[in-house]
Amino acid sequence: MAKTLFDKIWEMHAVAPTPGGATLIAVDRVFLHERTGAAALKRMAEMGRKVRDPARVFAVMDHIVDTRPGRGDGTLMQGGTGFITETRAACRDAGITLFDVNDRDQGIVHVISPEQGIVLPGLTLVAPDSHTCTQGAFGALAWGIGSSEAEHAMVTGTLRLEKPKTMQVRFDGKLSEGVTAKDMILTLIAAHGAGGGAGHVVEFAGEAVSALDMEARMTLCNMATEFSAMTGMIAPDAKTYEFLSGRTYAPTKFDDPAWADLISDTDAVFDEEITIDASAIAPMVSWGTSPEQTIAVTGTIPQGPAQAHEYIGLNAGTAIAGTPIDVAFIGSCTNSRISDLRRAARILRGKRIAPSIKTALVVPGSLSVKRQAEAEGLHDIFTAAGFEWRMSGCSLCFYAGGEGFAPGSRTISSTNRNFEGRQGPGIRTHIASPETVAASAIVGAITDPRDAMADKAGVS
Amino acid sequence: MTPFPNTLTSAAAPLMRDNIDTDTIIPSREMRSTGRDGLADGMFAPWRYDDADARIENPQFVLNQPAFRSATILLSGANFGCGSSREHAVWALAEWGIKAIIAESFAPIFHGNCIRNGILPITLPRDVIDGIAPGPVTIDLSAQSVIGGGASHAFDIDAEAKQMLMKGLDAIDLTMEQDRAIGSWTMADRAARPWVYLAKAG
Ligand code: SF4
C-alpha cells in the first residue's frame, strides 16, 4: 500500500501497542531548554528516575538568557538566573550534553539542532517547545510536547501516541521577487485558520517548496504550530543531505538505501490536501492578535473580532501599509539564520532607520550565525543603519519580564506570534518577513519590502 | 495523580473566545521558578487583573465574578491553549481548581498536557457549549456525557486518555510496564539504524 513520509517514519518507530489502544513510539532525540526543560529534569530527579540514553538528549540555554554583549548567568527576567543555574546542574547530574550560555555553539534550540546535525531525516525528535516543528524541514518527525512528556521521552525512550491524520499542503508555481517562506506559511494560516491543521501532521510539497533552501524550509515548517498541526515536514532531498553532511552529530555519509525511501509514495493518500498558488503570494503582515489575522502588506484591514481591533488599535477598512511603528526586531527561530540576516542587510545597506523608531534589534539565531555574519560584515551594515547587534537567544520573541517597551508600543517583528502581550504587556506585534521588518524600519511605518528593493535597484 | 471524579458538577465559566493562548493563561513573567506550583496566582493575569503587578482584580473577568469564582469547569471557543508548549498553563489551571475544559477544539500540545495532569479536555460544537453556559453542568466521564442546559451531550475521548484520567495513572509508570518490549526493540533498531545511536556524551 502506498505510504506517506509520515506513515513510513511512524511505522519505523512503532515499538508496541499500548493496552489502551495507543502506540509506543520510539524517540530518537530529545532537546531541552532552560525555560521548560528545567521542570522536566527536576521532576525526573525528584522521582528518582534516570535518562535512558543520555547521549541522545541535549539541552541549551536560549530562552531567558541575556543577549547583550558581555553576558553571564544574569538575566533581566525576575528569578531567571535560577532557571539557568538549575538547568546547568540538572544537565550535569543527568549526564546530558548542554550548550551553555557562552558556549561556541550556543543558540536557539531549533537553529542549533540542524547546525549540529542533531536532527536527521527519518528521526523522531521532541522538545518541550512548540516550535520543534521547525526541524521537520529535514524530513524528521519533530514535534513539541509538554514537560511531563519530555520526562517520559527521556526516561522511557518513547512516547504514547494516538496516530495523527495526515495533510499535504502543496505550493505550486514559483514565488515572486521579495516573497519568502514566511509569506507562504502566513498565507496558509490566513486562508485556513489558526486551527486549520488540528489533528494533522502536515507535509509541505510542491515546486515552490522544493525550490526553497534549507533555511527557508525551516521558516516554513516553523509556523506549523501556529496552524495547530502536530508538526510540519518536508521530504529530504539532495539539499537536505548536503546541508547535514559533516555536521558534528550527523553521519559522514548518507549512503544507506533507507535514506532514499524517505518520501511519500506518488500514489499515497493524505487525509486532507490543500493547494496554494505560490505565484499569487504577496509579502504578508499580521494586523491582529492571532497569526490567522494576517493580510498582504498591500491590503486593507478586514473586520475581525472586536477584541483584536481594540488591542491592536487599528480599525477595519484602513490600509495596513503606512501604520507607524516604534520597534523593529529581527530574530527568533523563524527568521534569524544567516540567509535571513543577509536579505535584511541587503535592504538596510547604506540606509538609516527612521528617527521615530525607538528600538531596533538584530539577534542572530546562534553564535555560529553571529560569527558568520560578522565575517561577512553584516553586523556593520545593521549597526550603521541604527540596529543593535546582539548575542544569540530568543530575546524579544517573547516577553520574559525584563527588556520591554511602554504598553501600546507597536513592533514589526520577524517572529511567529502576535498574541496579546507576547512581546510585553500591551505591546502590539505585527509579524512579517525580515525583509518587511527592514524596509519598515527605514520608513518608520509598515512598508512593502518590494518598494525598498525597487529603490535599491534604482540607485545601483 | 488524583483520579477524575465519577461525576463532576459545577458552574461553567464561559470564556467564549477563539484562540486563547498559553501566554495569556500563564504569561512567561508569571513563571518564576522551575517548579510546578505557585502558578495559580498568575493564571490569566493579563485579563484577571487591572494591575497585574499590584494584583488589583478586574471585576469584569469571568473568574472574578461571584458565580464563577469556584467553578471547576471552563467553557471556551476554538483552538484553546494554542501557542507555547508550556505545561505551566495546565499546572496553573489545575492549581486554581479547574478540572475540565469544554471547548470547540484544543491545541494539540495543550490537550496532551491536560491529560497528563488530570484535567479533562472535552470537545463539543459551539452551539452546544453556548447552550450549557453558565451551568450548572454535570460531566460523567465513564458515560462520556455532559449534562447541561436541559440536555445530555455525548463526547468523544480516546480510550487511553479516558483510562488514565479515570484511574489517575502516571504515564511513565504505565510505559515502564512495557520496558522489555522497548529494550528488545532498541536492540534490533541499533543494528538497523546505527547512526541514531550516538557515542556517550562527553
Ligand atoms: S525564538 Fe521564540 S518561538 Fe523560537 S524557541 Fe525562542 S521563544 Fe520560542
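Counting of residues starts from 1 at the beginning of each chain's written sequence and follows it residue by residue. Working convention: letters from A go to chains and numbers from 1 go to ligands, in the order in which they are written. Side-chain atom pairs in this predicted model are given and counted only at pLDDT of 80 or more, local residue features only at pLDDT of at least 70, and totals for whole chains, interfaces and linings cover all residues. Processing note: side-chain calculations cover all non-hydrogen atoms of the structure and skip hydrogens and water entirely.

### Some details on the overall build of chain B
So, step 1. Each helix is a run of H or I in the DSSP string that is no shorter than four residues. Each strand is a run of E no shorter than two, and both are numbered from the N terminus. A count of helical and extended segments in chain B gives 8 helices and 10 strands.
So, step 2. Across its three principal directions, the C-alpha atoms of chain B cover 60 × 45 × 25 Å.
So, step 3. Only protein chains enter the calculation, and the probe is 1.4 Å; a residue is then buried if its accessible area is under 20% of its type maximum, exposed if over 50%, and partly exposed in between. Buried positions account for 56% of the 202 residues belonging to chain B.
So, step 4. At a minimum sequence separation of 6, the contacts of chain B that also span at least 24 residues come to 62%.
So, step 5. The Shrake-Rupley method, run with a 1.4 Å probe sphere, supplies the accessible areas, and residue values consider only the shown protein chains as cover. Entry remark: accessible area of chain B is about 8200 Å², with carbon and sulfur atoms responsible for 52%.
So, step 6. In this tally, Asp and Glu contribute negative charge and Lys and Arg positive charge; neither His nor the terminal groups of the chain are included. Taken as the charge centre is NZ of Lys, CZ of Arg, CG of Asp or CD of Glu, depending on the residue. For chain B, the distance from the average site of its 17 positive side-chain charges to the average site of its 24 negative ones is 5 Å. When checking whether two residues touch, look at their non-hydrogen atoms; a contact exists if any pair is within 4.5 Å.

### Comments concerning the overall build of chain A
So, step 1. Secondary structure summary: chain A contains 16 helices and 19 strands in total.
So, step 2. A compact globule built from 460 residues should have a C-alpha radius of gyration of about 23 Å, and chain A, at 21 Å, falls within 12% of that.
So, step 3. Along the three orthogonal principal directions, the C-alpha set of chain A runs to about 60 × 50 × 45 Å.
So, step 4. For chain A, the share of sequence-separated contacts (at least 6 apart) that also reach a separation of at least 24 residues comes to 75%.
So, step 5. Carbon and sulfur atoms form 52% of the exposed surface of chain A, whose accessible area is close to 14500 Å². For a compact globule the rule gives 2.2 Å times the number of residues to the power 0.38, and the radius of gyration it is set against comes from C-alpha atoms.

### Observations regarding the sheet that holds strand 2 (residues 12-15) of chain B
Residues and elements named next belong to chain B.
So, step 1. Should DSSP find at least two bridges between two strands, the strands are taken to pair. Strands sit in the order 2-5-6-7 across an open sheet of 4 strands; the sheet is parallel. Two strands lie at the open edges of the sheet, namely strand 2 and strand 7 (120-123), each paired on one side alone. On average, adjacent strands in this sheet sit at an angle of 20° to one another, irrespective of strand direction.
So, step 2. As paired elements, strand 5 (residues 73-76) and strand 6 (residues 100-103) share 4 bridges and run parallel to each other. All axes are obtained by fitting lines to C-alpha atoms, using only the stretch in contact for helices, and the reported angles, taken between N-to-C directions, cover 0 to 180 degrees.

### A few points about the interface of chain B and chain A
So, step 1. Opposite the 57 residues of chain B that make contact, chain A presents 76 residues.
So, step 2. Put simply, buried area is how much 1.4 Å-probe accessible surface two parts lose in total, over both of them, once they are put together. Both faces considered, chain B and chain A share a buried interface measuring about 5100 Å² in area, 53% of it formed by carbon and sulfur atoms.
So, step 3. On the chain B side of the interface with chain A, the three residues burying the most area are Thr34, Trp195 and Leu198 of chain B, jointly 14% of the side's total.
So, step 4. Basic side-chain nitrogens of Lys or Arg form a salt bridge, by our definition, when they fall within 4 Å of a carboxyl oxygen of Asp or Glu. Taken together, the links from chain B to chain A amount to 8 salt bridges.
So, step 5. For this analysis, a polar contact is any N or O atom pair within 3.5 Å, provided that within protein one partner can donate a hydrogen and the other can accept it, and provided that sequence-adjacent residues contribute only side-chain to side-chain pairs. Counting every contact that joins chain B to chain A gives 30 residue pairs in polar contact (both at pLDDT 80 or more).
So, step 6. Within the residue set of the side of chain B that touches chain A, elements represented by two or more residues are helix 1 (22-25), helix 3 (88-96), helix 4 (108-116), helix 6 (159-167), helix 7 (171-176) and helix 8 (179-192) of chain B.
So, step 7. Three classes are used, and their members are as follows: Ala, Val, Leu, Ile, Met, Phe, Trp, Tyr, Cys and Pro are nonpolar, Asp, Glu, Lys and Arg are charged, and the others, Gly among them, are polar. Partitioning the side of chain B that touches chain A into residue classes produces 23 nonpolar, 17 polar and 17 charged.

### A word on the pairing of strand 18 (residues 410-413) of chain A
Residue and element names in this part refer to chain A.
So, step 1. Taking every second residue as pointing to the same face, both faces of strand 18 are buried, with Arg410 and Ile412 on one and Thr411 and Ser413 on the other.
So, step 2. Judged from the 3 bridges that link them, strand 15 (residues 327-330) and strand 18 form a sheet pairing that is parallel. The residue of strand 18 that forms the bridge with valine 327 is threonine 411.
So, step 3. Where strand 18 meets strand 19 (residues 428-431), 4 bridges bridge the pair, whose relative direction is parallel. Paired with threonine 411 across the strands is threonine 429, a residue of strand 19.

### Digging into the site of the ligand
So, step 1. One heavy atom within 4 Å of a molecule or strand makes the whole residue count as near it. Near the ligand the following residues occur: His63, His110, Asp129, His131, Ser332, Cys333, Cys394, Cys397, Phe398, Asn416 and Arg422 of chain A.
So, step 2. Across the shell around the ligand, the residue classes tally to 4 nonpolar, 5 polar and 2 charged.

### Section: the nonpolar core
So, step 1. Side-chain atoms within 4.5 Å are what join buried Ala, Val, Leu, Ile, Met, Phe, Trp, Tyr and Cys residues into a set we call a nonpolar core. With 153 residues, the main nonpolar core has Phe171, Phe204, Leu220, Phe382 and Phe387 of chain A as its most contacted residues.
So, step 2. Apart from residues lying up to four places away in sequence, phenylalanine 204 of chain A is in contact with Val169, Phe171, Ile185, Leu188, Val209, Leu220, Cys221, Gly232, Met233 and Ile234 of chain A.
So, step 3. Listed in part, the 30 residues of the second largest apolar core include Met31, Phe80, Ala89 and Phe110 of chain B.

### Some points on the confidence of the model for chain B
So, step 1. Residue-level confidence of the predictor is summarised by pLDDT, bounded by 0 at the bottom and 100 at the top. Taken residue by residue, chain B gives an average pLDDT of 94. The fraction at 70 or more is 99%.
So, step 2. Two summary scores accompany this predicted model of the complex, namely pTM at 0.95 and ipTM at 0.93.

### So, the sheet that holds strand 8 (residues 137-140) of chain B
Residue and element names in this part refer to chain B.
So, step 1. On the basis of which strands lie adjacent, the open sheet formed by 4 strands has the order 1-8-9-10 and antiparallel pairing. In this open sheet, the two edge strands, each paired with only one partner strand, are strand 1 (7-10) and strand 10 (151-154). Across the sheet, the axes of successive neighbouring strands diverge by a mean angle of 15°, strand direction being ignored.

### A few points about the pattern of salt bridges
Where charged atoms of side chains with opposite charge meet at close range, the side chains can pair.
So, step 1. Tallied over the full model, the rule gives 38 salt bridges over all chains.
So, step 2. With a shortest N-O distance of 2.7 Å, arginine 417 of chain A and glutamate 226 of chain A are connected by a salt bridge. Here arginine 417 of chain A is found in the loop between strand 18 and strand 19, whereas its partner glutamate 226 of chain A is found in the loop between helix 8 (214-222) and strand 11 (231-233), with 191 residues between them in sequence. Neither residue differs from the other here; arginine 417 of chain A and glutamate 226 of chain A are each classed as buried.
So, step 3. Salt bridges linked by common partners bring Arg49 and Glu151 of chain A together with Asp170 and Asp173 of chain B together as one network.

### What about the side chain of arginine 56 of chain A?
So, step 1. Tracing the chain through its elements places arginine 56 of chain A in the loop between helix 2 (37-46) and strand 4 (57-60).
So, step 2. For arginine 56 of chain A, a relative accessible area of 10% corresponds to the buried category.
So, step 3. For arginine 56 of chain A, the contacting residues outside a window of four places in its chain are Val27, Asp28, Arg29 and Val30 of chain A together with Val196, Tyr197 and Leu198 of chain B.

### Focus: the packing of helix 12 (residues 338-348) of chain A against helix 13 (residues 367-375) of chain A
Residues and elements named next belong to chain A.
So, step 1. With their axes 9 Å apart at the nearest point, helix 12 and helix 13 run at an angle of 40° to one another. Once helix 12 is placed against helix 13, the crossing between them reads as right-handed. Across the interface between the two elements, Ile338, Leu341 and Arg342 of helix 12 pack against Val369, Gln372 and Ala373 of helix 13. Two helices cross in a left-handed way if the nearer one is turned anticlockwise from the farther one by less than a right angle. They cross in a right-handed way if the turn is clockwise.

### Quick word on helix 6 of chain B
So, step 1. Along helix 6 of chain B, the residues classified as buried are Glu160, Ala161, Lys162, Met164 and Leu165 of chain B.
So, step 2. Elements in contact with the buried residues of helix 6 of chain B: strand 8 (158-161) of chain A together with helix 4, strand 7 and helix 7 of chain B.
So, step 3. Looking one or two places after helix 6 of chain B, you find glycine 168 of chain B, whose phi comes out positive at around 65°.

### With respect to the environment of glycine 404 of chain A
All names here are of chain A.
So, step 1. You can see glycine 404 is positioned in the loop between strand 17 (388-389) and strand 18.
So, step 2. We classify glycine 404 as partly exposed; its relative accessible area is 40%.
So, step 3. Separated by 13 residues in sequence, glycine 404 and arginine 417 place their C-alpha atoms 16 Å apart.

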